[in-house]
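Examination of the molecular architecture
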Amino acid sequence: MAAAPPGGAGGSRWTWRPVARDALLARAFHSCTELRGRLYLVGGLLAGGAAEPSADTVVLDPAGPAVRTGARGGPRRSHHDAAALGGRWLCAVGGWDGARRLAAVAALDAERGEWEAWAAAPGSCAPAGLSSHTCTRLSDRELRVAGREGGTRTQRRYGSIYTLRLDPGARTYRYREESYRSASRSGHCAALLPTPGPRPGHQLLLFGGCDSAEPEVAGHWRHGEIREEAPAAPLLTEQLSKLVSSGQGSRHGPRGLRHHSCSVVGPFAVLFGGETLTRARDTICNDLYIYDARRAPSLWFRFPCADRALKRVGHRTCLWNDQLYLVGGFGEDGRTASPQLCTLDLFL
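Residues numbered from 1 in each chain as written. Predicted model: local features only at pLDDT ≥ 70, side-chain atom pairs only at ≥ 80, totals over all residues. Heavy atoms only, no water.

**A look at the environment of Ala119**
With respect to the helices and strands, the residue Ala119 is situated in strand β10 (residues 119–120). Taking the relative accessible area as the measure of exposure, Ala119 reaches 41% and is therefore partly exposed. Separated by 48 residues in sequence, Ala119 and Asp167 place their C-alpha atoms 10.0 Å apart. Those residues in contact with Ala119 that sit more than four places away from it in its chain are Arg171, Thr172 and Tyr173. (Helix = DSSP H or I, 4+ residues; strand = E, 2+ residues; numbered from the N terminus. Buried < 20%, exposed > 50% of the residue type's maximum accessible area, 1.4 Å probe, protein only. Contact = heavy atoms within 4.5 Å.)

**Quick notes on the sheet that holds strand β1 (residues 14–21)**
Across the sheet, 4 strands lie side by side as β1-β26-β25-β24; this open sheet has antiparallel pairing. Two strands in the sheet have a free side with no partner beyond their single neighbour: β1 and β24 (316–320). Between one strand and the next, the sheet's axes are offset by a mean angle of 30 degrees, whatever the strand orientation. Bridge count for β1 against strand β26 (residues 340–346) is 7 bridges, and the pairing is antiparallel. (Pairing = 2+ DSSP bridges. Axes fitted to C-alpha atoms, helices over the stretch in contact; angles between N-to-C directions.)

**Some details on the nonpolar core**
Counting residues in hydrophobic clusters, the biggest one holds 23 residues, and the most contacted among them are Trp14, Trp16, Leu236 and Leu240. Within the residue set of this core, elements represented by two or more residues are β1, α1 (234–244), β20 (268–272), β22 (288–292), β23 (299–303), β25 (323–327) and β26. If one sorts the elements of this core by residue count, α1 sits on top with 4 residues. The residues touching Trp16, leaving out its near neighbours within four places in the chain, are Phe272, Leu310, Thr317, Leu324, Tyr325, Leu326, Cys342, Thr343 and Leu344. Counting 18 residues, the second largest nonpolar core, distinct from the first, contains Leu130, Leu143, Tyr173 and Tyr175. (Core = buried A, V, L, I, M, F, W, Y, C linked by side-chain atoms within 4.5 Å.)

**Looking at the pattern of salt bridges**
In total, this model carries 27 salt bridges according to the counting rule given. The residue Arg137 makes a salt bridge to Asp140 at a minimum N-O spacing of 3.2 Å. Overall, Arg137 belongs to the partly exposed group, its relative accessible area being 22%. The class for Asp140 is partly exposed, based on a relative accessible area of 29%. Each of Arg36, Arg72, Arg88, Asp109, Glu111, Arg112, Glu114, Glu116 and Arg171 takes part in salt bridges that share partners, so that together they form one network. (Salt bridge = Lys/Arg side-chain N within 4 Å of Asp/Glu carboxyl O.)

**What about the packing of aromatic side chains?**
In total, this model carries 11 aromatic pairs according to the counting rule given. Seen in terms of ring centroids, Trp89 and Trp118 are 5.3 Å apart; in terms of plane orientation they differ by 70 degrees. Their pairing is edge-to-face. Note that Trp89 is positioned in strand β7 (residues 89–96) and Trp118 in the loop between β9 (114–117) and β10, a separation of 29 residues in sequence. Neither Trp89 nor Trp118 differs from the other in exposure class; each is buried. (Phe/Tyr/Trp six-rings, centres within 6.5 Å; stacked < 30°, edge-to-face > 60°.)

**Section: empty space enclosed by the protein**
One pass over the structure, following the stated rule, counts 1 cavity of 30 Å³ or more. Roughly 30 Å³ of internal volume is contained in the largest cavity. Of the residues belonging to the lining of the largest cavity, the class tally is 6 nonpolar, 2 polar and 1 charged. (1 Å grid on protein atoms, 1.4 Å probe; cavity = no way out; pocket = protein on both sides within 12 Å on 5 of 7 lines; lining within 4 Å. Points joined across faces, edges and corners; volume = space filled by probe spheres on them. Nonpolar A, V, L, I, M, F, W, Y, C, P; charged D, E, K, R; others polar.)

**Brief notes about the state of the cysteines**
One pass over the full model with this rule turns up 0 disulfides. Cys32 carries a free sulfur, and the closest cysteine sulfur to it, the one in Cys318, is 4.6 Å from it. In this structure Cys32 comes out as buried when scored by relative accessible area, which is 11%. Cysteine Cys91 shares no disulfide, and the gap to the nearest cysteine sulfur, in Cys135, comes to 9.6 Å. (Disulfide = S-S within 2.5 Å.)

Here it is, written out as structure tokens:
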């Protein structure tokens, strides 16, 4: 690619380039999930200080504008997470409904265009309530849920880890609490990455959501146990490899970061923005972090940004057609939601 233009992110080798603008995209603490070649945005807060979350579902097609779906019964949620199943279902898990934290599962049937409230299966050991947690696909029927449960008066000093089993045929879900726990985290992110070293496999890493700068392992699987395949992104993977080899990034990981975004691209976890816990003012960030898991020990690379217009919190990034997209989030003031859809441009 060509050398970085003067309009890059403060003269660095990357920027978020706007490719669309639509008022329907202006939201934060929503979910953004690829399903059937389109992006589905669910819920979120439409402005800072909003009393309750949105209940709408917005579909974004690469060939057209954003459209609010007519799907009935959409969940009123923010600070939730979502996952696609079977090429048909979009499952929204947990979150805040304006009155309480939930652990329930609502599912959009993309074929019928309708939302359904699935039921807890007998024996389900549900969390007390989830918000600002993560849900990571392990298979087409199983998610790993991680994060602190409960409200501010009931939060524990540790985070529980659950396996969530989903049954689209029966329209049910079942939580199983794992025997191990994580540090108390909220507003963190999770990345299922290949394990470096002589014994191939996968590990689920948690980043941020507390004061620690170190990732935490929330699950480890031997070779062949995880059949979940990340979307192929050969061009972006090659560009990220060149970026971390350019010598431009500092070897620093994020410390005390929450409500940032994270997307897995090949052997890399790409983190952006968020809110720092390390200072009292100017807390919303615009730095790009790349976690390189190709070898042990894994390495952090930080690529700072001087463009304050790119500060984001409560946003989402999504890998889509070999490009990384940035959707929504509050800007520098922490109250105004961005209506832009941006793509990550690397100048190498």
